Amino acid sequence: QVQPVESGGGSVQSGGSLRLSCTASRNTKCNYDMNWYRQAPGKEREFVSSIDDDGSTKYADSVKGRFTISQDSAKNTVNLQMNSLKPEDTAMYYCKKIELCGDSDMGTYWGRGTQVTVSS
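Let me begin by describing the structure that accompanies this report.

**Side note on the packing of aromatic side chains**
For step 1, the next point in the chain: Taken as a whole and assessed by the stated rule, the structure comprises three aromatic pairs.
For step 2, the next point in the chain: On the numbers, 6.3 Å between centres and 80° between planes, the contact of Y94 with W110 is edge-to-face. Highlighted residues: Y94 in strand β9 (residues 91-101) and W110 in strand β10 (residues 106-110), separated in sequence by 16 residues.
For step 3, the next point in the chain: Looking at W110, the relative accessible area reads 30%, which means it is partly exposed.
For step 4, the next point in the chain: Connected via pairs of aromatic rings, a cluster forms that spans Y37, F47, Y94 and W110.
For step 5, the next point in the chain: The cationic tip of R45 hangs over the ring face of Y94; the distance from NZ or CZ to the ring centre is 3.8 Å.
For step 6, the next point in the chain: Of note, K97 hangs over the ring of Y109, and the distance from its end group to the ring centre comes to 5.0 Å.

**Some words on the nonpolar core**
For step 1, the next point in the chain: The biggest cluster of nonpolar side chains holds 23 residues, and the ones touching the most others in it are W36, F67, L80, M82 and Y93.
For step 2, the next point in the chain: Of all the elements in the fold, those that place two or more residues in this core are β3 (18-23), β4 (30-39), β5 (46-52), β7 (67-71), β8 (77-82), β9 and β11 (114-119).
For step 3, the next point in the chain: Residues contacting Y93, with those up to four places away along its chain left out, are E6, L20, W36, Y37, R38, V48, F67, L80, M82, G113, T114 and V116.

How each quantity is defined
- Residues numbered from 1 in each chain as written.
- Predicted model: local features only at pLDDT ≥ 70, side-chain atom pairs only at ≥ 80, totals over all residues.
- Heavy atoms only, no water.
- Phe/Tyr/Trp six-rings, centres within 6.5 Å; stacked < 30°, edge-to-face > 60°.
- Helix = DSSP H or I, 4+ residues; strand = E, 2+ residues; numbered from the N terminus.
- Buried < 20%, exposed > 50% of the residue type's maximum accessible area, 1.4 Å probe, protein only.
- Lys NZ or Arg CZ within 6 Å of the ring centre and 35° of its normal.
- Core = buried A, V, L, I, M, F, W, Y, C linked by side-chain atoms within 4.5 Å.
- Contact = heavy atoms within 4.5 Å.

No statement about biological role is implied by the geometric values presented.
Right under this line is the structure:
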């Protein structure tokens, strides 16, 4: 599918774990950058993690050492393993697909989000 679809959100206690998944279609002629963002009430949407077609990963400082991003062999599904969760991680988590096709063709597609709630 063109629009990413997230799953795996839920409610956990501090120190617990969740794994989020994002599924989206791909075009073999294009390159992709898959991203996770999150937004808590009253705060701006912030970058969490990303992975590109070469497998290069990036993490926000706030989640380094706790979150791990990965993708399956077909690169249709991107996962975000979240360990040692903190109340500060509570937010709506969004998957963003950046599609790069040709020399000047770029598309950005957002999922509708999945809620993560971490209680003390």
